There are 2 protein chains.
Amino acid sequence: MSDLLERLRGRGWRMTAQRRVVAEVLDGEHVHLTADEVHSRAVAKLPEISRATVYNTLGELVSLGEVLEVATDKRAKRYDPNAHRPHHHLVCAQCGAIRDVHPNGNPLADLPSSERFGFTVSDVEVTYRGICPNCAAAA
Amino acid sequence: MSDLLERLRGRGWRMTAQRRVVAEVLDGEHVHLTADEVHSRAVAKLPEISRATVYNTLGELVSLGEVLEVATDKRAKRYDPNAHRPHHHLVCAQCGAIRDVHPNGNPLADLPSSERFGFTVSDVEVTYRGICPNCAAAA
DNA sequence: ATCCTACAATGGACAATGTCTAAGTCAAAT
DNA sequence: ATTTGACTTAGACATTGTCCATTGTAGGAT
Ligand SMILES: [Mn+2]
Ligand SMILES: [Mn+2]
Ligand SMILES: [Zn+2]
Ligand SMILES: [Zn+2]
């Protein structure tokens, strides 16, 4: 995710300790944190970082297309740094664990024009739900 | 939706003015209201109905499988009385209008086991996004 | 028709999530 | 080193949702 920081510097972003920390927290695979989780982890690295800054920074990253907002649970939005390769999500209905998945086929092609109601359809999100191996083992 | 009231009576539901009003508000096609919208419309019919009762009733309807919770926008949950025929959603990215859609194919079959990470996958939600005819005309 | 009581409704406190602003701070250009 | 406007902060406020003690009532029993 240091390439992210590079790209942002190139776009005229002022590089602050807070933004570096948020970027660090978002680094990794299968990362889908809520704003509050991002804040907690950021505070561990930079105790004085404020909630508002985390929200602001996440919002900016979303506007820039560097992070995606996903709504896999019905409470808080989650922030997904894997914005470059399109993908969908597989969510454990029990513990909420989230994995990135790449299904076959193109769901957009499966929506016939008779089911489009005159909309110009440009995008599709797919969320699979099930039980993860951990939760299955604990049952 | 009077058949809904019948089914609920059969399940031992006490029939109250409040529950009748909530059921009335949820009647119709392509209905996907937030709890607050349900409350507003219910108040128009029964001014003294409380927010708590609307939340309680919606929660009960969801537990009974008579209404679905959907998360097509990233703020409030929406309540969908079309719980009997499985379907997906088409959402206007501009105005938020929601239509029920029935795509071809089965997205569950498109998730190969190599992409299941040991999960037992049981369900899939698909949300199409685009621009509705109204918003396109206004542009 | 009246009574009883378990179930339901109410209002308001509280919690979780998200937005906004005024004032102070600091990155980076000069 | 100075300057400047972008950035951060704390906390008020807004929205969405939950909980609980109290009050009300639907529907069965008499
Ligand atoms: Mn993802
Ligand atoms: Mn629907
Ligand atoms: Zn799990
Ligand atoms: Zn629209």
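Computed from a predicted model, the values in this text were never measured in an experiment.

## Describing the overall build of chain A
Phase 1 of the analysis: Summing up its helical and strand segments, chain A has five helices and six strands in all.
Phase 2 of the analysis: Its C-alpha atoms give chain A principal-axis dimensions of roughly 50 × 45 × 25 Å.
Phase 3 of the analysis: Expressed as a percentage of its 139 residues, the buried residues of chain A come to 41%.
Phase 4 of the analysis: A total of about 7,400 Å² of accessible surface is found on chain A, and carbon and sulfur atoms cover 47% of it.
Phase 5 of the analysis: Side chains of chain A carry 17 positive and 18 negative charges; the gap between the two charge centres is 3 Å.

## Details of the relation of the copies chain A and chain B
Two copies of one chain are present, and they are related through a rotation about an axis combined with an axial shift.
Phase 1 of the analysis: The operation relating chain A to chain B is a screw motion whose rotation component is 180°, with 0.0 Å of axial translation and a residual RMSD of 0.1 Å. Classification of the inter-copy transformation places it as that of a two-fold axis. When C-alpha positions in chain A are compared against the rotation axis, the closest is assigned to Val126(A), at 2.3 Å.
Phase 2 of the analysis: The residues that chain A uses at the interface reappear at the interface of chain B in 100% of cases, marking a shared surface.

## Notes on the sheet that holds strand 3 (residues 78–80) of chain A
Phase 1 of the analysis: Pairing in this open sheet of three strands is antiparallel, and the strands run 1-3-2 (chain A) from one edge to the other. Of all the strands in the sheet, the pair left with one neighbour each is strand 1 (33–34) and strand 2 (68–70) of chain A.

## Structural notes on the environment of Arg99(A)
Phase 1 of the analysis: Mapped onto the elements of the fold, Arg99(A) is located in strand 5 (residues 98–101).
Phase 2 of the analysis: Take Arg99(A): its relative accessible area is 27%, and that puts it in the partly exposed class.
Phase 3 of the analysis: Measuring from C-alpha to C-alpha, the distance between Arg99(A) and Thr127(A) comes to 10 Å, with 28 residues separating the pair along the chain.
Phase 4 of the analysis: Here Arg99(A) is in contact with His30(A), His88(A), His89(A), Leu90(A), Phe117(B) and Phe119(B), once residues within four sequence places are set aside.
Phase 5 of the analysis: A distance of 3.1 Å separates polar atoms of two side chains, one belonging to Arg99(A) and the other to His30(A).

## Here's the deal with the protein's contact with DNA strand D
Phase 1 of the analysis: Near DNA strand D lie 16 residues; those nearest to it are Arg14(A), Thr16(A), Gln18(A), Glu48(A) and Thr53(A).
Phase 2 of the analysis: Here Arg19(A) contributes a side-chain N or O atom positioned 2.9 Å from a phosphate oxygen of DNA strand D.
Phase 3 of the analysis: A distance of 2.9 Å separates a phosphate oxygen of DNA strand D from a polar backbone atom of Met15(B).
Phase 4 of the analysis: Those elements that provide at least two residues to the surface near DNA strand D are helix 2 (17–25) and helix 4 (51–63) of chain A together with helix 4 (51–63) of chain B.
Phase 5 of the analysis: Per-element tally for the surface near DNA strand D: the top contributor is helix 4 of chain B, with three residues.

## Structural notes on the coordination of the zinc ion (ligand 3)
Residues and elements named next belong to chain A.
Phase 1 of the analysis: For the zinc ion (ligand 3), the protein coordination sphere consists of Cys-92 (SG), Cys-95 (SG), Cys-132 (SG) and Cys-135 (SG), at 2.2 to 2.4 Å.
Phase 2 of the analysis: If you look at the zinc ion (ligand 3), its four donor atoms make angles of 107 to 112° with each other, and the shape they trace is tetrahedral.
Phase 3 of the analysis: Since its relative accessible area comes to 2%, Cys-92 is described here as buried.
Phase 4 of the analysis: Residue classification places Cys-132 among the buried residues on the basis of a relative accessible area of 5%.

## Remarks on the packing of helix 3 (residues 35–45) of chain B against helix 4 of chain B
Residue and element names in this part refer to chain B.
Phase 1 of the analysis: One way to put it is that helix 3 packs onto helix 4 with a least axis distance of 10 Å and a crossing angle of 120°. Judged on the interaxial angle alone, helix 4 and helix 3 are oblique. You can see that helix 3 and helix 4 cross each other, and the crossing is right-handed. Across from Ala-35, Val-38 and His-39 in helix 3, the residues of helix 4 making contact are Arg-51, Val-54, Tyr-55 and Leu-58.

## Considering the UniProt feature "binding site: Zn(2+)" (unreviewed entry) in chain A
Phase 1 of the analysis: UniProt feature "binding site: Zn(2+)" (unreviewed entry): in the numbering of this structure it lies at Cys92(A), Cys95(A), Cys132(A) and Cys135(A). On the basis of their most widely separated C-alpha atoms, the annotated residues across 44 residues gather in one place, lying no more than 8.2 Å apart.
Phase 2 of the analysis: You can see Cys95(A) is positioned in the loop between strand 4 (88–92) and strand 5.
Phase 3 of the analysis: On the basis of relative accessibility, which here comes to 47%, the residue Cys95(A) falls in the partly exposed class.
Phase 4 of the analysis: Excluding anything up to four places from it in sequence, Cys95(A) contacts Cys132(A) and Cys135(A).
Phase 5 of the analysis: Position of Cys132(A) among the secondary structure elements: in the loop between strand 6 (120–131) and helix 5 (133–138).
Phase 6 of the analysis: In this view, Cys132(A) contacts Cys92(A), Cys95(A) and Phe119(B); residues no more than four positions away in its chain are not counted.

Criteria and cut-off values
Residues numbered from 1 in each chain as written. Chains lettered and ligands numbered in written order. Predicted model: local features only at pLDDT ≥ 70, side-chain atom pairs only at ≥ 80, totals over all residues. Heavy atoms only, no water. Helix = DSSP H or I, 4+ residues; strand = E, 2+ residues; numbered from the N terminus. Buried < 20%, exposed > 50% of the residue type's maximum accessible area, 1.4 Å probe, protein only. Areas by Shrake-Rupley, 256 points an atom, 1.4 Å probe, with all protein chains shown as cover. Lys, Arg positive; Asp, Glu negative; His and termini not counted. Charge placed at Lys NZ, Arg CZ, Asp CG, Glu CD. Least-squares fit on C-alpha atoms with pLDDT ≥ 70 in both. Contact = heavy atoms within 4.5 Å. Pairing = 2+ DSSP bridges. Polar contact = N/O pair within 3.5 Å; in protein donor to acceptor, adjacent residues only side chain to side chain. Near = heavy atom within 4 Å. Donors = N, O, S within 2.8 Å, 3.2 Å for Na, K, Ca; no water. Tetrahedral: all angles 85-135°; square planar, octahedral: opposite > 155°, others 65-115°. Axes fitted to C-alpha atoms, helices over the stretch in contact; angles between N-to-C directions. Parallel < 35°, antiparallel > 145°, perpendicular 65-115°, else oblique. Left-handed = near helix turned anticlockwise from the far one by under 90°. UniProt positions renumbered as here; feature names shortened; annotations may be inferred.

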